[in-house]
Amino acid sequence: STMVNKHNLDYYISSAEDCVAEKDYEGAIKFYEKAIAKSPDDIKIKYAVSECYLAAGQDNNAVFVLKEIATENPSFSNDAYEKMFNIYYENKDWKGINDLLLDCDNEQIVSKFNEYLCRAPEFSVKGGEYDEAQTLELSASPYGFVYYTTDGTDPDENSFLYTDPILLESGEYEIKAVFISENNVKSEIIS
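Reading guide: rules and limits
Residues numbered from 1 in each chain as written. Predicted model: local features only at pLDDT ≥ 70, side-chain atom pairs only at ≥ 80, totals over all residues. Heavy atoms only, no water. Helix = DSSP H or I, 4+ residues; strand = E, 2+ residues; numbered from the N terminus. Buried < 20%, exposed > 50% of the residue type's maximum accessible area, 1.4 Å probe, protein only. Contact = heavy atoms within 4.5 Å. Polar contact = N/O pair within 3.5 Å; in protein donor to acceptor, adjacent residues only side chain to side chain. Pairing = 2+ DSSP bridges. Axes fitted to C-alpha atoms, helices over the stretch in contact; angles between N-to-C directions. Parallel < 35°, antiparallel > 145°, perpendicular 65-115°, else oblique. Left-handed = near helix turned anticlockwise from the far one by under 90°. Nonpolar A, V, L, I, M, F, W, Y, C, P; charged D, E, K, R; others polar. Phe/Tyr/Trp six-rings, centres within 6.5 Å; stacked < 30°, edge-to-face > 60°. Core = buried A, V, L, I, M, F, W, Y, C linked by side-chain atoms within 4.5 Å.

## Some points on the environment of Asn 78
- Structurally, Asn 78 can be placed in helix α5 (residues 77–90).
- Looking at Asn 78, the relative accessible area reads 29%, which means it is partly exposed.
- The sequence separation of Asn 78 and Ala 55 amounts to 23 residues, and the corresponding C-alpha distance is 22 Å.
- Contact partners of Asn 78, with chain neighbours within four places excluded, come to Asn 106, Gln 108 and Ile 109.
- A polar contact is formed between the side chain of Asn 78 and the side chain of Asn 106, at a distance of 3.2 Å.

Have a look at this one:
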């Protein structure tokens, strides 16, 4: 008869797979976590545990593991980000998607999901003193709206909607602007 070593990797993995077959995702997670402790660089195991977290309704843990995969293995990062994006998308968590993209340094991914990205608008003119009237333009993503104030208060949906360049004549202005996406996620406020 063969001895089963209850502390080796194959045992943990096959036990986890047995649990998955029984739809016992919590059990599978325990075995996969032991497997990961033994073999921390094994991407297959990490993917498998992320699937179990999802099935068990532990979306945050699934995202955490997928982030690890993306960070440690650039060649898998497109796939891992795709999966994270889908998790947030299923939950209609637009802020989650935005935070994910703001954190992501892979331009390919960022541009793929660009319409969900909520970056602060940019000003065409720097703050300072000017001798003549200035025309201030605000640039931002096309997938949403820019709101602004000229009196230093924080802008929101009830402030001026930016549609045309703002003419600043003599006087003192403190301009603040915010971008609000179609999904109602706000960028940081710039001033």
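## Thoughts on the sheet that holds strand β5 (residues 160–161)
- The strand order across the open sheet formed by three strands is β5-β4-β7, and the pairing between neighbours is antiparallel. Here the strands that pair on one side only, and so sit at the sheet edges, are β5 and β7 (176–181).

## A few points about the packing of helix α4 (residues 59–72) against α5
- The interhelical angle for the contact between α4 and α5, taken along N-to-C directions, is 160°, at an axis separation of 8 Å. Considered as vectors, α4 and α5 are oriented roughly antiparallel to each other. Between α4 and α5 lies a crossing of left-handed hand. Seen from α4, the contacting residues are Asp 59, Ala 62, Val 63, Leu 66, Lys 67, Ile 69 and Ala 70; seen from α5, they are Ser 77, Ala 80, Tyr 81, Lys 83, Met 84, Ile 87 and Tyr 88.
- The residue inventory of the contact of α4 with α5, partitioned by class, reads ten nonpolar, one polar and three charged.

## Details of the environment of Ser 141
- If you trace the backbone, Ser 141 turns up in the loop between β3 (138–139) and β4 (144–149).
- A distance of 3.0 Å separates the side chain of Ser 141 from the backbone nitrogen of Tyr 143, its partner in a polar contact.

## So, the packing of helix α2 (residues 25–38) against helix α3 (residues 43–55)
- Contact geometry for α2 and α3: axes closest at 9 Å, N-to-C directions at 155°. Here α2 lies roughly antiparallel to α3, going by the angle between them. Considering only the axes of α2 and α3, their crossing is left-handed. Counted together, Tyr 25, Ala 28, Ile 29, Tyr 32, Glu 33, Ala 35 and Ile 36 of α2 and Ile 45, Lys 46, Ala 48, Val 49, Cys 52, Tyr 53 and Ala 55 of α3 form the full contact between these two elements.
- For the contact of α2 with α3, the class distribution of residues is twelve nonpolar, no polar and two charged.

## Some thoughts on the side chain of Ser 50
- For Ser 50, the position within the fold is in helix α3.
- Note on Ser 50: relative accessible area 1%, which makes it buried.
- Of note is the side chain of Ser 50, whose polar atom sits 2.7 Å from the backbone oxygen of Tyr 47.
- Apart from the residues lying within four places of it in its own chain, the contact partners of Ser 50 are Ala 62, Val 65 and Leu 66.

## Side note on the packing of aromatic side chains
- Applying the stated criterion to the full structure yields eleven aromatic pairs.
- Their ring planes at 80° and their centres at 5.4 Å tell us that Tyr 89 and Trp 94 sit as a pair that is edge-to-face.
- Among the residues examined, Trp 94 registers a relative accessible area of 18% and is labelled buried.
- A connected cluster of aromatic rings, assembled from ring pairs, spans Phe 85, Tyr 89, Trp 94, Phe 113 and Tyr 116.

## Considering the nonpolar core
- Ranked by size, the top nonpolar core spans 53 residues in total, and within it Tyr 32, Met 84 and Leu 138 carry the most contacts.
- With seven residues, the top contributor of residues to this core is α3.
- When neighbours within four sequence positions are excluded, Leu 138 is seen to be in contact with Glu 122, Phe 123, Val 146, Tyr 148, Tyr 162, Ile 166 and Ala 177.

## With respect to unusual backbone geometry
- Even without a glycine there, the phi angle at Lys 23 is positive, about 60°.
- The topology assignment puts Lys 23 in the loop between α1 (9–21) and α2.
- With a phi angle near 70°, Asn 184 is a residue other than glycine that sits in the positive phi range.
- Among the structural elements, Asn 184 can be located in the segment after β7.

That is the geometry; function is a separate question.
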